[in-house]
Amino acid sequence: RSGLYLTPCSCSGVGLALCRRLLEEDGRIHLCIACRNGQKNEATRDLILADYPAAQVSTVEVDLGNLASVLRVARELRCRFQRLDFVYLNAGIMPNPHVNFKALWHGLLTGKVLHMLTTAEGIMTQTDRLNGDGLQEVFATNLFGHFILVRQLESLLCGNEKPSRLIWTSSSNARESAFSLSDYQHAKGQESYSSSKYATDLTSVVLNRKFNKQGLYSSVVCPGLVMSNMTYRILPVFLWKLLMPIMWLIRFFAKTYTLTPYNGAEAHVWLFKQKPEYLDALVKYHSCTSGLGKSYVEPRKMDVDEEIAEKFYQKLLELEKQTLEKYSDLLD
């Protein structure tokens, strides 16, 4: 079996925890890990091999926010592999996050603070920008780069003897209210992360409709609130140190406070063991942790409109056609 795992992180986070946990489940798999930075890629590989010296672990270098990089790595993967059983689509950015403390205080007064703390609804904004391809950076990295990669790898994912799987990392912060079909790159708003994760949910729903008959299945997971490099950028480090005891306490009331990368990978690993044809395409699988530290998976219906999902998918296809015209030399 071969598996492709995509992550922008290096030697920490859910990415590394997932790699280790997958090898705990099945040491025969071939892991191909992908990072933007070649040195960090190799460092991650060395860490995994230190714990699992007999494991098959290879690397590729890719920046999911750069279409040329995505097309090059897709070509490389098509040369190196005959099929891919699992593709974990985990790359994500949240640039310049800002916490709205006024909204948080209002939530405290109105009794909505727990909901806000578990979803970041109304309290988390980002400042986005255009990337080198002329696309909104968060949309390009969190969704469109993955979409192009999947499209370029269809020959490795479809028509195999056994089903192939796409497992997208979404978020409990994925909200319909942050997404607009007329501004699907979220150029006009300040919740680009939430918009990109809702777009991820929509994309997964349509991919199942389009590709299940060809043996390709798509699922969406939420790792919960994990203390990772992305999380630590939201507040100064000293504040996190002060807040950590409170966060461990909150976990008795908020099961999505998984906190550790190991716990955050619970849903990813659970899906690795499931038969995809029995899964509900309209469900998001949440990693959860009890107050006493027991990890489990909770399926929740996604708040998605299938008609909007189809319209959004068509917009992705149109954007794909427009953007790939300038990269004809990287296409087969």
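Parameters and conventions
Residues numbered from 1 in each chain as written. Predicted model: local features only at pLDDT ≥ 70, side-chain atom pairs only at ≥ 80, totals over all residues. Heavy atoms only, no water. Helix = DSSP H or I, 4+ residues; strand = E, 2+ residues; numbered from the N terminus. Buried < 20%, exposed > 50% of the residue type's maximum accessible area, 1.4 Å probe, protein only. Contact = heavy atoms within 4.5 Å. pLDDT = per-residue confidence, 0-100. Patch = residues over 30% accessible without salt bridge, like charges linked within 9 Å, V, L, I, M, F, W, Y side chains within 5 Å. Areas by Shrake-Rupley, 256 points an atom, 1.4 Å probe, with all protein chains shown as cover. Salt bridge = Lys/Arg side-chain N within 4 Å of Asp/Glu carboxyl O. Axes fitted to C-alpha atoms, helices over the stretch in contact; angles between N-to-C directions. Parallel < 35°, antiparallel > 145°, perpendicular 65-115°, else oblique. Left-handed = near helix turned anticlockwise from the far one by under 90°. Nonpolar A, V, L, I, M, F, W, Y, C, P; charged D, E, K, R; others polar. Polar contact = N/O pair within 3.5 Å; in protein donor to acceptor, adjacent residues only side chain to side chain. Pairing = 2+ DSSP bridges. Right-handed = clockwise from strand over helix to strand, strands pointing away.

### As for the overall build of the chain
Now for step 1: Assigned secondary structure in the chain consists of 13 helices and ten strands.
Now for step 2: Expressed as a percentage of the 332 residues in the chain, the buried residues total 57%.
Now for step 3: Long-range pairs, those at least 24 residues apart, make up 73% of the contacts in the chain with a sequence separation of at least 6.

### Quick word on the confidence of the model for the chain
Now for step 1: Residues with a pLDDT of 70 or more make up 86% of the chain, whose mean pLDDT is 87.
Now for step 2: In the model of the chain, strand β1 (residues 2–6) stands out as the element of lowest mean pLDDT, 56, in contrast to strand β8 (residues 216–222), which has the highest, 97.

### Re a nonpolar patch on the surface
Now for step 1: Together, L249, F252, F253 and L292 give the surface a local cluster of nonpolar side chains, amounting to about 540 Å² of exposed area.
Now for step 2: Following the sequence through the fold, L292 ends up in the loop between β9 (283–289) and β10 (295–301).

### Digging into the packing of helix α3 (residues 67–80) against helix α6 (residues 137–152)
Now for step 1: Contact geometry for α3 and α6: axes closest at 9 Å, N-to-C directions at 30°. When the interaxial angle is binned, α3 and α6 end up roughly parallel. The two elements α3 and α6 cross, and the hand of that crossing is right-handed. In contact with L67, V70, L71, V73, A74 and R78 of α3, α6 contributes F144, G145, I148, L149 and Q152.
Now for step 2: Looking at side-chain class alone, the contact of α3 with α6 contains eight nonpolar, two polar and one charged residues.

### Quick word on the pattern of salt bridges
Working definition: two side chains of opposite charge can pair if their charged atoms are close together.
Now for step 1: If you walk through the whole model with that rule in mind, you get 18 salt bridges.
Now for step 2: A salt bridge links E266 to R21, with the shortest nitrogen-to-oxygen separation between them at 2.9 Å. With E266 in helix α12 (residues 266–272) and R21 in helix α1 (residues 13–25), this residue pair connects regions lying 245 residues apart in the sequence. Residues E266 and R21 agree in their burial class; the two are buried.
Now for step 3: Between K284 and D201 there is a salt bridge, with the nearest N and O atoms lying 2.9 Å from each other. You can see K284 sitting in strand β9 and its partner D201 sitting in helix α8 (residues 192–211), a full 83 residues away along the chain. Per residue, the accessibility class of K284 equals that of D201, and both read buried.
Now for step 4: Among the ionic contacts, a cluster of salt bridges with common partners joins R209, K210, E306 and E310.

### Here we look at the packing of α6 against helix α13 (residues 306–324)
Each packed pair of helices is defined by two parameters, the angle between the axes and the distance between the axes.
Now for step 1: One way to put it is that α6 packs onto α13 with a least axis distance of 11 Å and a crossing angle of 80°. The angle between the axes of α6 and α13 places the two elements in the roughly perpendicular class. The segment α6 lies against α13, with F139, L143, F144, F147, I148, R151 and Q152 engaging F312, Y313, L316, L317, L319, E320, T323 and L324.
Now for step 2: Residues belonging to the contact of α6 with α13 are distributed by class as follows: eleven nonpolar, two polar and two charged.

### Details of unusual backbone geometry
Now for step 1: Not every positive phi belongs to a glycine, and H186 is a case in point at roughly 60°.
Now for step 2: Within the element layout of this structure, H186 appears in the loop between β7 (164–169) and α8.
Now for step 3: Here H186 falls in the buried class, since its relative accessible area comes to 8%.

### Some remarks on the environment of E298
Now for step 1: Looking at the secondary structure, you find E298 in strand β10.
Now for step 2: In terms of polar contacts, E298 uses its side chain to reach the side chain of K255, at 2.7 Å.
Now for step 3: Only 2.7 Å separates the side chain of E298 from the side chain of R300, close enough to count as a polar contact.

### Some thoughts on the pairing of strand β2 (residues 30–35)
Now for step 1: Summarising burial for β2: six of the six residues are buried, a large majority.
Now for step 2: The pairing of β2 with strand β3 (residues 56–61) spans six bridges and is classified as parallel. If you follow A34 over to β3, its bridge partner there is V60.
Now for step 3: As for the winding sense of the linkage, the β-α-β connection from β2 through helix α2 (residues 38–51) to β3 is right-handed.

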